[in-house]
Every structure is written in structure tokens, then in C-alpha cells.
Amino acid sequence: MVVAKKTTTTRSNTNNSSFLFSSMMKCFSFSSSSPSSTKRSDEDCHDDDVPGKNRLQLTDGDHVKSTKHGGWKSMPYILGNETFERLATFGLLANFMVYLLKQFHLEQVFATNIINIWSGTTNFAPLFGAFISDAYLGKFRTLAYASLASLVGMILLTLTAVIPELHPPTCTKSQEHDNQCIAPSTSQLAVLFISLGFLTIGAGGIRPCSLPFGVDQFDQTTDEGRKGINSFFNWYYFTFTIVIMIALTLVVYIQDIISWSVGLGIPTLLMMFSILLFFLGTRIYVYVPPGGSVFSGIGQVFVSAYKKRRLQLPSDDVEVLKEVLYNPESKGLANMKLHLTNQYRILNKAAIKNVGEVNEGGSVSNKWRLCSIQQVEEAKCLIRIIPIWAAGIICFTAMAQQGTFTVSQALKMQRHLGPKFEIPAGSLGVISMLTLGLWVPFYDRIFVPALRKITKQEDGLTLLQRMGIGMVFSILSMIAAGFVEEKRRTQAITISQSHQVEPISVFWLAPQLILMGLAEAFNIIGQIEFFNRQFPEHMRSIGNSLFFCTMAGANYFSSLIVSIIHNTTGKQGQPDWLYNDINFGKLDYFYYLIAGLGVLNLIYFLVVARGYRYKATVPFQTEDTDIVIELSSTKHVDP
């Protein structure tokens, strides 16, 4: 490390956040706008045509100085809106696989692909929603438009159950046994797909903006504001957990036992109430105007580096670097500055100053020709994280089966609790949720303190180690799923006819769901915290989007595998592995295939994790503190 004059370095002090709420909470504590592009005057803020008159009063450092409302006065509207919106969404879609199989009479593979492709598109949508919100609309308008789009999608999907002409006629038991159920028409499928399209638009706007909009209501420069943010996240994820439990139990039970019209209509009414509550708070909210997207800053680094590709990089002398590279004082909301590193050093060319590129006041004349050192290192953060991010796709592919083929297994198993009550097939996911909820406090209070004595790590395990352990549990879950499915199918063929419910208990699925809950506790929470710590503060919106993109990639990959297996297995008149009646298929082979891919993915993860360099930061420079320039690659920590 080469240091000029007086330097100050700090270690990143991050508390152990193994609790589910606090781990996920930290991931979303970010500003939605790039600090470098959010500087606007009070007059500019007045031009922002959002409802009401409560806008942040910004000063030269873009720090919030005062607000008229916001704070806890706005929380009943925001938390109420979020609670009812999530209850509506999860209640509508928790049992979607059963709806496609039973009401639309779709083939199992076709239904699975619909869910996977739609889920993948929905999880990619927040990338675009975050960009539109940050650069153009702002969080309030994005949430408003997205909520209305979700409502339209829910209404259309509910109508597919209410109006007989929008779904195929009811299938009798004899027709179902003979596989003669009437398939949906093209127009019926069109209405279904249009409804899913509106739901995707809604999710693309709601997911990246809901949490940041709540954060905007508090003054982050005061102790009271920071405490308010912490409490807000605690309440947010508390209601989130409660909502999932209600959706997977009560709402799914209504859909299965009473009727789909009522079971889909209730979430739609809740969404209406959510929107009404959201707009009732318009005179109380604090509005932060859009100020530009961090995606633009990253793109500028690559464009500028390409334009200057023929320039020679300066020597490693600090004084030369300070003279040649653009390194302005930072006055944004973020409070940590990244080291200059030699890793991917070709991007350092983006910060080389040419004549005329820096104005007299220190600003850049063309942002697509000159970038700051901070921007360059932020782009490097993204490059370093991508290989780690890619390793999560296979792990999430295993998790994605809980909503598709696990439901198909449950439909073929004994689900009675007593003579009258039958467990809905879509409610089995509660087992994973309960496992996660019970394990996380045990991990935090008992497991981590014991591990600290062995590993000497503050958190017991590094983030990459936690993610790797989660991958191991996902592999074990698929192996357990294969064993259970083999036992279920053997007993079904031996004891009963293919169209009857097998006597084997649905609780045989518990081992694979418990293992998957542990996989989520380690891998998902580990990923969220990893993205939170490894991205600079104002880039955490990208980390949030990358997390959803992991799920999207898993959904698309799962759909690809399903299609390949369906089209390549079962030749010469034999049913394929994923035959519509799983009693005649080989679903256990499918699970073993995912487990095998998981093993290969784990090997890949160990390789890229061992070479990963954790980011290092220093405080933003002050008048009496020069920057620290690290010329050697940041030390890596073994996974």
C-alpha cells in the first residue's frame, strides 16, 4: 500500500446480523439515487410533481436537514399498504401450481414452465423498476403505478376463476382418470398471460421501491431517524413473516376447500384496500426526487475506459496518481470511500484526466469521458461479485422446486389430519418457513458464539462459508427428495391405482423441506448480507436487484432443464421422467440430476470464492486527510 501524507484507515464494523430481520434489514438500508447525481435545489424539488408538499430539504451535501412530515406519522399508511399488498400477492400466488393443474387442466410440464418463466421475468423486472424510479419517476410514482398494475393483474386473474368462459369446464373424476379433461382455449390462456404480465409490471415497481420509500420518511443524519429506520425494518419483516404464514395456510385453505373465486377474490380486495391506504398518506409522506441511477455511473466507467484504451496507465507513484487521476471530494450520502486497486486495472484508465475534461469548479465536463476513482472501484465491485452471484443460481434452482414438483408430490399423497381436515398441497411450504424461523435465532444465540471460539471470526463463519453451507443443504434436500419420491412411487404402483391418492403420508416430504429451510437460512441470508457488505452504500439497490436476478436465473434454468428432460427422456413409447402422472414418471431422477448439478456448482463456488477479494474502504477524505491508494490487490479471505 502506498500512502501520501497522513492517512486514516478503518475496518468495516458490521455487527453480527444473523437474525432474519436484521440480516435482511441491512441489505436494504440504501439510498435509491447516486450521490453524485442527486444534488438539486429547493426550486428543483418544487418542480417534482409528486402529490403533497412534503419534500426533503437538501443542502450542499445532500444531507437531510428538515422535513415537514414523514417519520412515524407516515408508517401506518406505508406499513399498512405493504402488509395488505404482500398478503394479496402471496395469497394470490401461493397455490398457483394447483390452480393451473386443477382449474386450467394444464399438463404438469407446461404448468411448471409457466410458473418458472413468469417467476423469472418477475424477478428480473426490479432491475428496470429501480432504474425508472431512480432516474425518472421517483419512488412514490413508481409505487403508485406499479400498485395499480398489480391490481389490474389480480382482477384479471380472479375473473379467470369467476367467469366460466375464462376457464375450461370442470373436469369429472372419470375424465381426469382417462386424461380427457378439456384444455384451455387460446383466448383463455391469453387472459391468463395478460394478468401475469400486469403482475410482473407491478412487482417490477413495488419490490425495489417499497423499502427505500419507507427509509425516505426518516432523517438518516439524526439518532432518532436512524433508530426509526431500524424499527421500521423490524416491523416490516415481522409483518412479512406473518403474511407468508397466513397466505400459505388460511388463504390456500380457502382456495382449496371453499372456492377459487373466493380464494382469489379476497387477495384482490385486500390489494384495493392497500392502494386506498397508500394514497391516504400522500399529504404526510416525504418525497425524494429522482436524481439519477447508479446503473448510469457504472456504464460511464466502461464507456470512458474504452474511449481511453490507448492511453498509458500512470506509474504507481502516489503523487503522480493524484495528479493524473480524477479523485474529487465526495459529498454524497455514502460515508465510505473505496481504495484504488490494481485488480482490473484497465478500468483505471476511465479516471485519467485529459485537458478540458475537468471544469474550473472541479466538475466533469463529460461524464462519459471521465469518471472518478470511486466510480471505477464501484464498477470493479460489480465485476468481482458476478462470479459469486452466478453460483447462487443452481442453489436457487433446487429451492424453486418447492412451488412446482413438491406440490405435485403432495397432491398424490395422504394429506388428511383427522376424518375431515385435509392439508392443502400448497401449504407444505410452511415447513421450510418454520425451519428457517426456528434455526436463525438458534444460530445467532448458540451456534455463532460456539463457532467464534473455534474460527476466531466475529460472525462465526465468513459470508462465503455460510453461502457454501447453504449449497450443501440444497444438495442434501434434492437427494432426500429423490429417495422420498422413489418410495412414494413404488408404494403407489404396488398398493393403489394411478388415479387414487396414495396412503403414504404427505409428511414424508418434511425432510426435504426442512433441509431446504436450512439451505435458505444459510444461503439466502448469506447472499443478502454479502451483497450488503460488498457493495458501497448507494449501490445496494444493485445488490437488491442482483438477489432477485439470482432467483430469476434459477427460474429460467429450471424451465430449461424441465423442457430438455421432457423432450429427451421416455423414448420408444415410455413415459418421460416428468410425465403428467408422476406415478409413471421418474421424478426422483430429476431430483438426483439437480443434486448432481449442485455438486458441480459447489466445486465452482469453492474455486471462485477462494479467489474473491473482499472490498476495503476508508473514510471519505476531509480537509486534513489525504486519500489512501492501495496499489496491490486487496487481501482475500479463504472461503
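Our structure's up above, just so we're on the same page.
Below you will find a few notes about this structure. (Residues numbered from 1 in each chain as written. Predicted model: local features only at pLDDT ≥ 70, side-chain atom pairs only at ≥ 80, totals over all residues. Heavy atoms only, no water.)

Quick look at the overall build of the chain now. The helix and strand inventory of the chain stands at 19 helices and eight strands. Here the chain, with 639 residues, has 55% of them falling under the buried criterion. When contacts within the chain are restricted to residue pairs at least 6 apart in sequence, long-range pairs at least 24 apart make up 83% of them. By element, 62% of the accessible surface of the chain is carried by carbon and sulfur atoms, the whole surface being about 27,700 Å². (Helix = DSSP H or I, 4+ residues; strand = E, 2+ residues; numbered from the N terminus. Buried < 20%, exposed > 50% of the residue type's maximum accessible area, 1.4 Å probe, protein only. Contact = heavy atoms within 4.5 Å. Areas by Shrake-Rupley, 256 points an atom, 1.4 Å probe, with all protein chains shown as cover.)

So, about a nonpolar patch on the surface. Residues Ile155, Leu159, Val162, Leu269 and Met272 make up a contiguous nonpolar surface patch of roughly 390 Å² in combined accessible area. Elements with a contribution of two residues or more to the nonpolar patch: helix H6 (139-162) and helix H10 (260-280). No other element matches H6, which puts three residues into the nonpolar patch. Tracing the sequence through the fold places Leu159 in helix H6. Judged by relative accessible area, which is 31%, Leu159 ranks as partly exposed. (Patch = residues over 30% accessible without salt bridge, like charges linked within 9 Å, V, L, I, M, F, W, Y side chains within 5 Å. Salt bridge = Lys/Arg side-chain N within 4 Å of Asp/Glu carboxyl O.)

Turning our attention to the nonpolar core. The biggest cluster of nonpolar side chains holds 76 residues, and the ones touching the most others in it are Ile388, Leu464, Phe530 and Phe590. Those elements that place two or more of their residues in this core are helix H11 (294-307), helix H13 (373-400), helix H15 (430-455), helix H16 (463-495), helix H17 (510-534), helix H18 (540-568) and helix H19 (587-610). Element by element, the count of residues in this core is highest for H13, at 13 residues. Apart from the residues within four sequence positions on either side, Phe530 is in contact with Ile385, Ile388, Leu463, Leu464, Met467 and Tyr612. (Core = buried A, V, L, I, M, F, W, Y, C linked by side-chain atoms within 4.5 Å.)

Here we come to the packing of H13 against H17. Look at H13 against H17: their axes get within 11 Å of each other, and the N-to-C directions meet at 165°. Here H13 lies roughly antiparallel to H17, going by the angle between them. The handedness of the crossing between H13 and H17 comes out as left-handed. In contact with Cys381, Ile385, Ile388, Trp389, Gly392, Cys395, Phe396, Ala398 and Met399 of H13, H17 contributes Met516, Ala519, Glu520, Asn523, Ile524, Gln527, Phe530, Phe531 and Gln534. In terms of residue class, the contact of H13 with H17 is built from 13 nonpolar, four polar and one charged. (Axes fitted to C-alpha atoms, helices over the stretch in contact; angles between N-to-C directions. Parallel < 35°, antiparallel > 145°, perpendicular 65-115°, else oblique. Left-handed = near helix turned anticlockwise from the far one by under 90°. Nonpolar A, V, L, I, M, F, W, Y, C, P; charged D, E, K, R; others polar.)

The values are spatial; any link to function lies outside them.
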